[in-house]
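Close look at the chain arrangement
As a plain string of letters, each chain reads:
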Amino acid sequence: MNLPISETMQLIKDLVKIPSPSGHTTEVIAFVEKYLKEFQVKMKRNHKGGLIVTIPGENKNQHRMLTAHVDTLGAIVKEIKSSGRLMIDLIGGFNYNSIEGEYCQIETMRGEVYSGTILMHQTSVHVYKDAGKLERNQKNIEVRIDESVHTADDVRKLGIDVGDFISFDPRVEITKSGFIKSRHLDDKASVALLLNLIKTISIEEMKLPYTTHFLISNNEEIGYGGNSNIPSETVEYLAVDMGAIGDGQATNEFTVSICAKDSSGPYHYGLRKNLIELAKRNNIEYKVDIYPYYGSDASAAIRSGHDLVHGLIGPGIDASHAFERTHKASLENTAKLLYYYVQSDMTL
Ligand SMILES: [Zn+2]
């Protein structure tokens, strides 16, 4: 049976603390590699920097693939202002208001790390009358570096330059009431679930019905994480990524979300039916949902021309791409569904 969910939550905590905006994920992939090493699974890196784990199953002609992405939202230095502040460009799809006031980290090409805060240029209410009303956009939002810098040259002397990666403080916290709140639960919560699934398979010496690949992808937030390195034998491809919560959504922070359709269109009907059947049979709390503005590594794989049965499930994440939160119940339900899924018969 599955590992205790507290172990998964601790792993999520470790993962979100490692900065990994899309385009700069070497450190987090190395962490994942190190974590998996003791289970002696076959793994390799792809050229994009992602990691593929393969566990042989009884059927070697029809394969299964599961993916979760380890890259996150972030930013990059666009311009050094004459004031010594930084103008930033966003990595991934989110709004400037969701990072206003956030602590951040700037990493230079040489590897030095500086701390800072993301602020509206017009933050001080003692100086700017309209501070609350001004638009949160690229022009008004800037990074205040925690160094004595007054000019662009001062900043360059630190080694900071255009193109340097900026990551956000995740502010991760596990509450007594069973919530985990943090940035980047999308999709590090699912990465932790897959890693602990691999661990469970290894500990239990589970016999998988099909050879199964686990892709820890590293470019999902920019659209092309899981669209490559899919072995030609792969029939089924399941993306494990966050369930979207909001008005009109069924998904919540306590259940596993099974996606029927997102912006890319419907996911494979047969696979969806199988996932629902597995949930019902094993008393797993689930919700079926449509995510209005969403794409996944599974839809990216289909778009890139792969002939696959594709699906999407994941824990329900509140306030996604901003101040995210989920509950251990949602992680538990997702872990259970994954556990039974990898042992189930294929859809075709
Ligand atoms: Zn995601």
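In what follows, the structure referred to is the one given above.
None of these values were measured; they are calculated from a predicted model. (Residues numbered from 1 in each chain as written. Predicted model: local features only at pLDDT ≥ 70, side-chain atom pairs only at ≥ 80, totals over all residues. Heavy atoms only, no water.)

A few words now on the pairing of strand 9 (residues 165-168). Look at any regular strand and the pattern is simple: side chains alternate between the two faces of the sheet. Pairing of strand 4 (residues 74-80) with strand 9 involves two bridges; the strand directions are antiparallel. Across the sheet, Ala-75 pairs through a bridge with Ile-166, a residue of strand 9. Pairing analysis gives four bridges linking strand 6 (residues 103-107) to strand 9, with the strands arranged antiparallel. Note that in strand 9 the partner of Gln-105 across the bridge is Ser-167. (Pairing = 2+ DSSP bridges. Helix = DSSP H or I, 4+ residues; strand = E, 2+ residues; numbered from the N terminus.)

Now for the nonpolar core. In terms of nonpolar packing, the biggest core is built from 75 residues, with Leu-36, Phe-214, Leu-338 and Val-342 touching the most fellow members. Per-element tally for this core: the top contributor is helix 4 (residues 185-203), with ten residues. If we skip the residues at most four places from it in the chain, Leu-36 touches Val-41, Met-43, Leu-51, Val-53, Leu-195 and Ile-198. Within the second largest apolar cluster, 25 residues are counted, among which are Ala-75, Ile-118, Val-149 and Ile-166. (Core = buried A, V, L, I, M, F, W, Y, C linked by side-chain atoms within 4.5 Å. Buried < 20%, exposed > 50% of the residue type's maximum accessible area, 1.4 Å probe, protein only. Contact = heavy atoms within 4.5 Å.)

Moving on, we come to the coordination of the zinc ion. Coordination sphere of the zinc ion, protein contribution only: His-69 (NE2), Asp-186 (OD), Asp-241 (OD) and Asp-241 (OD), at 1.9 to 2.6 Å. Coordination geometry of the zinc ion: the four donor atoms subtend angles of 50 to 135 degrees at the metal centre, consistent with an arrangement described as irregular. Binding-site remark: the zinc ion is held by donors from one chain whose sequence spacing is H-x116-D-x54-D. Of the two residues, His-69 sits in strand 3 (residues 59-69) while Asp-241 sits in the loop between strand 13 (234-240) and strand 14 (243-244), which places them 172 residues apart along the sequence. Side by side, His-69 and Asp-241 carry an identical accessibility label, which is buried. (Donors = N, O, S within 2.8 Å, 3.2 Å for Na, K, Ca; no water. Tetrahedral: all angles 85-135°; square planar, octahedral: opposite > 155°, others 65-115°.)

It is worth spelling out helix 7 (residues 328-341) at this point. With 14 residues, helix 7 should cover 20 Å at 1.5 Å per step; its first-to-last C-alpha distance of 20 Å lies within 8% of that length. Summarising burial for helix 7: ten of the 14 residues are buried, a large majority. Listing the buried residues of helix 7 in full gives Ala-329, Ser-330, Leu-331, Asn-333, Thr-334, Ala-335, Leu-337, Leu-338, Tyr-339 and Tyr-341. (Expected span 1.5 Å × (residues − 1).)

If you add up the space inside the largest pocket, you get close to 380 Å³. Surrounding the largest pocket, 17 residues form its lining, Met-242, Tyr-293, Tyr-294, Ser-320 and His-321 being those nearest its centre. Here the residues of the lining of the largest pocket sort into seven nonpolar, six polar and four charged. The volume enclosed by the second largest pocket comes to roughly 170 Å³. Forming the walls of the second largest pocket are 16 residues, and the residues nearest its centre are Pro-19, Gln-105, Phe-168, Asp-169 and Pro-170. (1 Å grid on protein atoms, 1.4 Å probe; cavity = no way out; pocket = protein on both sides within 12 Å on 5 of 7 lines; lining within 4 Å. Points joined across faces, edges and corners; volume = space filled by probe spheres on them. Nonpolar A, V, L, I, M, F, W, Y, C, P; charged D, E, K, R; others polar.)

So, on to the packing of helix 1 (residues 5-16) against helix 2 (residues 26-37). Relative orientation and spacing of two packed helices are given, respectively, by the angle between their axes and the distance between those axes. Taken N-terminus to C-terminus, the directions of helix 1 and helix 2 make an angle of 150 degrees; their axes are 10 Å apart at the nearest point. The segment helix 1 lies against helix 2, with Leu-11, Asp-14 and Leu-15 engaging Val-28, Phe-31, Val-32 and Tyr-35. Grouping the constituent residues of the contact of helix 1 with helix 2 by class yields six nonpolar, no polar and one charged. (Axes fitted to C-alpha atoms, helices over the stretch in contact; angles between N-to-C directions.)

What follows covers the pattern of salt bridges. Side chains that carry opposite charge are capable of pairing whenever their charged atoms lie near each other. Taken as a whole, this structure holds 13 salt bridges when the rule is applied. Close ionic contact of Glu-142 with Arg-85 constitutes a salt bridge, the shortest N to O distance being 3.1 Å. Of this pair, Glu-142 sits in strand 8 (residues 141-145) while Arg-85 is found in the loop between strand 4 and strand 5 (86-91), placing the two residues 57 residues apart along the sequence. Residue Glu-142 is classed as buried on the basis of its relative accessible area of 1%. The shortest N-O distance in the salt bridge between Arg-183 and Glu-102 comes to 2.8 Å. On the criterion of sequence distance, the pair formed by Arg-183 in the loop between strand 11 (179-181) and helix 4 and Glu-102 in the loop between strand 5 and strand 6 is long-range, its members being 81 residues apart. (Salt bridge = Lys/Arg side-chain N within 4 Å of Asp/Glu carboxyl O.)

Attention shifts here to helix 1. End to end, helix 1 covers 17 Å across twelve residues, agreeing with the expected 16 Å (1.5 Å per residue, within 8%). When helix 1 is considered as a whole, its buried residues turn out to be Ile-5, Thr-8, Met-9, Leu-11, Ile-12, Leu-15 and Val-16. Down the axis of helix 1, the buried set is contained in an arc of 160 degrees. They therefore lie on one face. Packing partners of the buried residues in helix 1 comprise helix 2, strand 10 (173-174), strand 11, helix 4 and helix 7. (Arc of directions from axis to C-beta.)

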